[in-house]
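Next come the chains, spelled out residue by residue.
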Amino acid sequence: MHVHKDHSTAASQHPTFRKAARVVCLLAVIFLLLNAIWFAWRAVKYGAYSDGMAESPFSSILVPRYVDSGDGYNYSVKYPDYLSFIGNLSVSIASSEEDLYSDALIIWPNVDGSYEFGLILYDEAEWQIYVDVSGQALDPQYDDVVAKHQENVDFLFAQAYTLWELG
């Protein structure tokens, strides 16, 4: 006589299976906790920057984007991509039909509260230049380019410091 054992219940009661199930559950809880902390941090940090702005057509649940404009300038806020801590703020000179490309200041808020800055400047070429908090090129080879656009650079920094109280 042959006795048939049901191995499905035996496997779930095996010590190795239970340990593996605990590890999987622990990893799932850690992952969910990490997501919850990240979403909360992102909402607090970037919500302050985007307060009062309209949602951009390019916005999504995972990567919200907001825009606003004023007299001669445009603002935007891009939240960090999923599980990233780097988003950006930008302020640009309003473009026109005659001049589709406009100078812009990009600001990357760091987790520690500091900021990194970059400029996109247009003349005969497009320039992408990292700058310090006062708008001076970090690489001296770009000093002349920044100087040529100094009026716009000063305007962009003034607008950014006024709206976002970067301090």
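Conventions used here
- Residues numbered from 1 in each chain as written.
- Predicted model: local features only at pLDDT ≥ 70, side-chain atom pairs only at ≥ 80, totals over all residues.
- Heavy atoms only, no water.
- Helix = DSSP H or I, 4+ residues; strand = E, 2+ residues; numbered from the N terminus.
- Contact = heavy atoms within 4.5 Å.
- Areas by Shrake-Rupley, 256 points an atom, 1.4 Å probe, with all protein chains shown as cover.
- Pairing = 2+ DSSP bridges.
- Axes fitted to C-alpha atoms, helices over the stretch in contact; angles between N-to-C directions.
- Core = buried A, V, L, I, M, F, W, Y, C linked by side-chain atoms within 4.5 Å.
- Buried < 20%, exposed > 50% of the residue type's maximum accessible area, 1.4 Å probe, protein only.
- Lys, Arg positive; Asp, Glu negative; His and termini not counted.
- Salt bridge = Lys/Arg side-chain N within 4 Å of Asp/Glu carboxyl O.
- Polar contact = N/O pair within 3.5 Å; in protein donor to acceptor, adjacent residues only side chain to side chain.

Caption draft 1: Here's a closer look at the overall build of the chain. The helix and strand inventory of the chain stands at four helices and seven strands. Ordered by position from the N terminus, the helices and strands of the chain form the series α-α-β-β-β-β-β-β-β-α-α. Here the analysis covers contacts within the chain between residues at least 6 apart in sequence; of these, 37% occur between residues at least 24 apart. Accessible area of the chain: about 11100 Å², with a carbon and sulfur share of 60%.

Caption draft 2: Local environment of the sheet that holds strand β7 (residues 126-131). Pairing in this open sheet of seven strands is antiparallel, and the strands run β1-β2-β3-β4-β5-β6-β7 from one edge to the other. Taken across any chain shown, the strands that pair with only one partner, and hence form the sheet edges, are β1 (54-55) and β7. Note that strand β5 (residues 104-109) and strand β6 (residues 115-122) share six bridges and pair antiparallel. Bridging across to β6, Pro109 finds its partner in Tyr115. Strands β2 (65-70), β3 (73-78), β4 (88-93), β5 and β6 of the sheet are contacted by helix α2 (residues 15-50), whose axis makes an angle of about 170° with β3. Sheet strands in contact with helix α4 (residues 150-164) are β3, β4, β5, β6 and β7, and its direction is about 135° off that of β4.

Caption draft 3: Expanded view of the nonpolar core. Ranked by internal contacts, the top residues of the largest apolar core, which has 27 residues, are Val77, Leu89, Leu105, Ile107, Leu119 and Trp164. Breaking this core down by element, the ones donating at least two residues are α2, β3, β4, β5, β6, β7, α3 (143-148) and α4. Sorting elements by how many residues they give to this core places α4 first, with five residues. Val77 has contacts with Tyr46, Tyr49, Ser50, Met53, Pro64, Arg65, Tyr66, Asn88, Leu89 and Trp164, leaving out every residue within four places of it along the chain.

Caption draft 4: Structural view of the side chain of Asp103. Following the sequence through the fold, Asp103 ends up in the loop between β4 and β5. Among buried Asp, Glu, Lys and Arg side chains, Asp103 stands out as unpaired, with Lys148 the closest opposite charge at 9.8 Å. Polar side-chain contacts of Asp103 include one of 2.9 Å to the side chain of His149. Excluding its chain neighbours within four sequence positions, the residues that come into contact with Asp103 are Ser92, Ile93, Ile120, Leu121, Tyr122, His149, Asn152 and Leu156.

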